[in-house]
Amino acid sequence: MLGLSQHAPDARCGLILDIGSSSVGAAIVVSEVDEPQPTTVWTHIERCPISDSFNITDLAKRITTAVTNVGLEIGGNGLKSLAEHDGRLRIHETMVSVAAPWSYTVPKRITYAADDAFTVTETLLTELARTAERQTTEEYGKIDLFNSLGLEVLSNDSAQFLANGYAVQSPVGQTITDLVHIQNITIAQKQLLEAVREVHSTVVPKSQLTIGSFIQQMRKKVLTHTIPDHTYGLVDVGGDATEVGVVSNDHLSTVINNQWGYNSLVRELAAITKQPTSAALTMLQESADGAIAHLSDAQQEAWQTVCTEFVATQADLIGRSAAMSELPEHYAIHTDTTMRPIVMALFKRAIANSTGNATVSLVSEKLTDVVSVAETRMALSIAVFHTTSKA
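Residues numbered from 1 in each chain as written. Predicted model: local features only at pLDDT ≥ 70, side-chain atom pairs only at ≥ 80, totals over all residues. Heavy atoms only, no water.

Structural notes on the pattern of salt bridges
Counting across every chain of the model gives 10 salt bridges. The partner of Asp240 in a salt bridge is Arg267, and the shortest N-O contact between them spans 3.0 Å. Highlighted residues: Asp240 in the loop between strand E10 (231–237) and strand E11 (242–248) and Arg267 in helix H7 (residues 262–273), separated in sequence by 27 residues. Residue Asp240 shares its accessibility class with Arg267, and that shared class is buried. (Salt bridge = Lys/Arg side-chain N within 4 Å of Asp/Glu carboxyl O. Helix = DSSP H or I, 4+ residues; strand = E, 2+ residues; numbered from the N terminus. Buried < 20%, exposed > 50% of the residue type's maximum accessible area, 1.4 Å probe, protein only.)

Below you can see the structure in the form of structure tokens.
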């Protein structure tokens with residue numbers, strides 16, 4: 001440090017925007033190469049109210065409105081806090097992560113085979129990448145959310161090559177008969193991205209904008225340097241969606257999701273107790289293991305049925321992801337900080353039911369190495385921003 005609220009000349013100042021299934025968070029962060037912790041100057045989070053019933057299109061509109069509202073907070077209180085912290089700093093980078101169901105990262109496998117040997121060229125790889133992108137947009141464009149609100153490809157990155165069945169860094173120049181090209185294609189809901197870009201162009205137009213999926217943030221070295229297993233699973237449990245990814249040899253080999261998050265439990269508990277969803281949310285946040293105190297016998301029975309159904313649904317999601325790739329030896333579970341106890345309790349059951357002996361850990365402050373931000377969704381994105389500067 002150069003003094004009170006002063007930073008080194010090469011300090012990076014970034015705006016972090018995290019879009020969950022039912023919340024939008026923002027942070028202004030200063031990252032210095034020699035500092036173990038980034039400096040979090042300002043944070044803000046807006047959560048969508050939990051409706052009595054789930055409708056993906058209505059939620060999409062609310063999350064887009066939340067992005068706009070958070071943008072106003074950034075332009076007001078956020079930039080004011082930055083000026084008060086260090087008037088010389090300017091935001092040069094804006095990093096956005098988008099979670100399911102608003103974004104999907106699709107590992108797409110394209111095979112090119114021939115009876116006669118062929119030599120792999122850059123042109124062939126480009127054509128295979130285009131094929132992967134076209135097939136992905138055609139397939140996911142049929143989903144109601146993307147069909148009504150638009151779909152956009154955020155990235156199309158080569159993940160892995162198999163030449164005659166063997167993994168290779170690059171197959172260009174090799175003469176083979178069978179080539180498998182695995183692309184990680186990230187797609188997102190278009191209207192939401194337009195709202196993000198509007199905030200960027202209005203509030204921090206001179207900063208460099210990057211947008212990616214939250215599951216990719218989880219995959220990055222913030223987690224891989226702490227999880228030694230060859231194959232492991234990542235689980236992100238949001239308010240209105242759960243996403244499961246399987247990482248093998250540092251590549252996302254499978255990513256799938258459903259629209260069952262912890263708000264599904266909130267709605268069911270509200271219906272059972274005949275209370276507002278806000279009261280049901282508080283009851284869940286106070287539960288250590290899924291048990292809810294002060295329910296009648298009939299309500300307890302109904303609640304246990306809800307938990308059993310939730311566990312079965314998530315076990316099916318985890319089982320399907322494992323069946324599409326190698327069986328993970330370990331799962332890292334991420335959820336909102338206040339929902340950790342009940343989510344961990346139910347997902348331990350779901351993982352045990354679907355995979356048997358896999359171990360489970362919680363994505364906490366210790367795992368992200370960012371202790372100044374209690375909300376791990378935001379802390380994880382901040383950690384990725386900070387560690388990127390050390391690469």
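Observations regarding the side chain of Gln183
Inspection of the secondary structure assignment puts Gln183 in strand E8 (residues 175–189). Looking at Gln183, its side chain comes within polar contact range of the side chain of Asn156, at 2.3 Å. At 2.4 Å, the side chain of Gln183 and the side chain of His181 are in polar contact. With near-sequence residues (within four places) excluded, Gln183 lies in contact with Val106, Pro107, Lys108, Ala129, Ala132, Asn156, Asp157, Ser158 and Ala159. (Polar contact = N/O pair within 3.5 Å; in protein donor to acceptor, adjacent residues only side chain to side chain. Contact = heavy atoms within 4.5 Å.)

Remarks on the sheet that holds strand E5 (residues 103–119)
Spatial ordering of the open sheet is given by E5-E8-E6-E7, a layout of four strands whose pairing is antiparallel. Each having just a single partner strand, E5 and strand E7 (166–168) make up the two edges of the open sheet. Going from strand to strand, the sheet's axes swing by 35° on average, the running direction of each strand aside. Pairing between E5 and E8: 13 bridges, direction antiparallel. (Pairing = 2+ DSSP bridges. Axes fitted to C-alpha atoms, helices over the stretch in contact; angles between N-to-C directions.)

Structural notes on the nonpolar core
Ile19 and Trp102 are the most contacted members of the largest nonpolar core, which has 55 residues in total. It is helix H1 (residues 56–85) that contributes the most residues to this core, nine residues altogether. Sequence-distant contacts of Ile19, that is, excluding residues within four places in its chain, are made with Val24, Ile63, Val67, Val96, Ser97, Val98, Ala99, Trp102, Leu192 and Val196. Within the second largest apolar cluster, 36 residues are counted, among which are Val244, Val311, Ala322 and Phe347. (Core = buried A, V, L, I, M, F, W, Y, C linked by side-chain atoms within 4.5 Å.)

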